[in-house]
Amino acid sequence: MSVISDKKDLSGLNLSGYTLIGGDLAKAKLSQAKLRGANLSGADLSGADLSEADLTGADLSGADLYRAKLSGARLNGATLTHCDCTAADFTEANLAGAHLSSAKLPSAVFDRAQLSAANFTDCDLSSSSFLNAKLSGGIFVRANLTDAKLDGAKLFGAHLQDANLTGASLRNADLNAAHMRFARLEGADLLNASLSGADMSQSLLLSTNFETANLRQASLAGADMQSAMINGANLANARLSRADLTGASMEESNLWAARLSGANFNDANIKAANLNATGLNKDFALAEFNDLKFSALTQWDNGVFKRRNVSAAHAKTIETELKKRGFFSRLFG
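Here's a quick rundown of the structure. Given the structure is predicted, the values throughout are model-derived calculations rather than measurements.

### Overview of the overall build of the protein
The secondary structure content of the protein amounts to four helices and zero strands. When the elements of the protein are put in sequence order from the N terminus, they spell out α-α-α-α. By the burial criterion, 52% of the 333 residues in the protein qualify as buried. Across the protein, every contact between residues at least 6 apart in sequence was considered, and the portion connecting residues at least 24 apart equals 9%. Taken as a whole, the protein presents about 13400 Å² of accessible surface, with 46% of it coming from carbon and sulfur.

Set out below in structure tokens:
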């Protein structure tokens, strides 16, 4: 181990299965090296060049990878828990099924990386970049993703419960069926993102941008969406029960058959929005929310459309909700 640790040019060498615990490999050249199953726990790899190296199943727990170069590297199933990967470059690397919980990854770059089912629980990923990365099934529970760049990322079925995405950019991201309960997305940009079937219940969505996003069948129950931008979004069959939409702009949005019981529309903009099959008609809405902004193009629920265009079971559900105390904030008794 000591002989290897003393060498700084190990490019292309086969070191699979080697034990290099705590080794000094700072700024070492390990590009295209074979390190499958190697034990590099606690090693100093700061500034090291591991581009295109094979680290499949390697143990890098507690290692120092500050500014390390891992572009194109293979880290399938590797362990990087408690690592310091600040500003490390993982561009186009393969980390499918890798374990990175509690790692420090601020300003790390994962652009176009394969990260399916990777575990980032409790990680610091502030200002990190995941442009067009594949993150389906990824685990980001309680992760810090403030100001992260996730434009075009594939996050289908990802776990983002309690994650902090304040100021993050998720334009055109695929978040279909994502688990995002209690997540924080204040000021986040989800322009044209796809969130069909996503669960964002109880999330903090203050001033979040959902313009032209697909939120069909998404759950936003109890979410704080004050001043959110939701213009042109598709919210058909979405759950917005008890959501706070104070000051939100929903111009030209599609809310067809959305669940709106207990939602707060104070000072909201629903100009040209489609409210058919929601139970929200003009008289009821203006009696409860007299500062609601609407236009001649706003499509209110007229009952007839509802009965003709939704299933009998769904129509019955809407009628039941209308009878509940507290529907639209106390209006219906």
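Having seen it, we continue.
### Quick notes on the nonpolar core
Core analysis: the largest hydrophobic core is formed by 104 residues, its most contacted members being L105, F110, F120, F130, L195 and F265. In contact with F130, not counting residues within four places along its chain, are F110, D111, L115, F120, L125, L135, F140, L145, K149, L150, D151 and A153.

### Remarks on unusual backbone geometry
Phi is positive for Q32, which is not a glycine, with a value near 65°. Examined against the element boundaries, Q32 turns out to sit in the loop between helix 1 (2-6) and helix 2 (282-288). A positive phi angle is found at D147, which is not glycine, with a value near 60°. Along the chain, D147 turns up in the loop between helix 1 and helix 2.

### As for the packing of aromatic side chains
Overall, the coordinates contain eight aromatic pairs when judged by the stated rule. For the pair F120 and F140, a centre-to-centre distance of 4.9 Å together with 5° between the ring planes defines the contact as stacked. A residue pair is termed long-range when its members are at least 10 positions apart, and F120 in the loop between helix 1 and helix 2 and F140 in the loop between helix 1 and helix 2 qualify at 20 residues. Under the relative-accessibility criterion, F140 is labelled buried at 1%.

### Here we look at the state of the cysteines
A complete count under the given rule lists zero disulfides for this structure. Just so you know, C123 is unpaired, no disulfide at all, and the nearest cysteine sulfur is the one on C85, 8.5 Å from it.

Criteria and thresholds
Residues numbered from 1 in each chain as written. Predicted model: local features only at pLDDT ≥ 70, side-chain atom pairs only at ≥ 80, totals over all residues. Heavy atoms only, no water. Helix = DSSP H or I, 4+ residues; strand = E, 2+ residues; numbered from the N terminus. Buried < 20%, exposed > 50% of the residue type's maximum accessible area, 1.4 Å probe, protein only. Contact = heavy atoms within 4.5 Å. Areas by Shrake-Rupley, 256 points an atom, 1.4 Å probe, with all protein chains shown as cover. Core = buried A, V, L, I, M, F, W, Y, C linked by side-chain atoms within 4.5 Å. Phe/Tyr/Trp six-rings, centres within 6.5 Å; stacked < 30°, edge-to-face > 60°. Disulfide = S-S within 2.5 Å.

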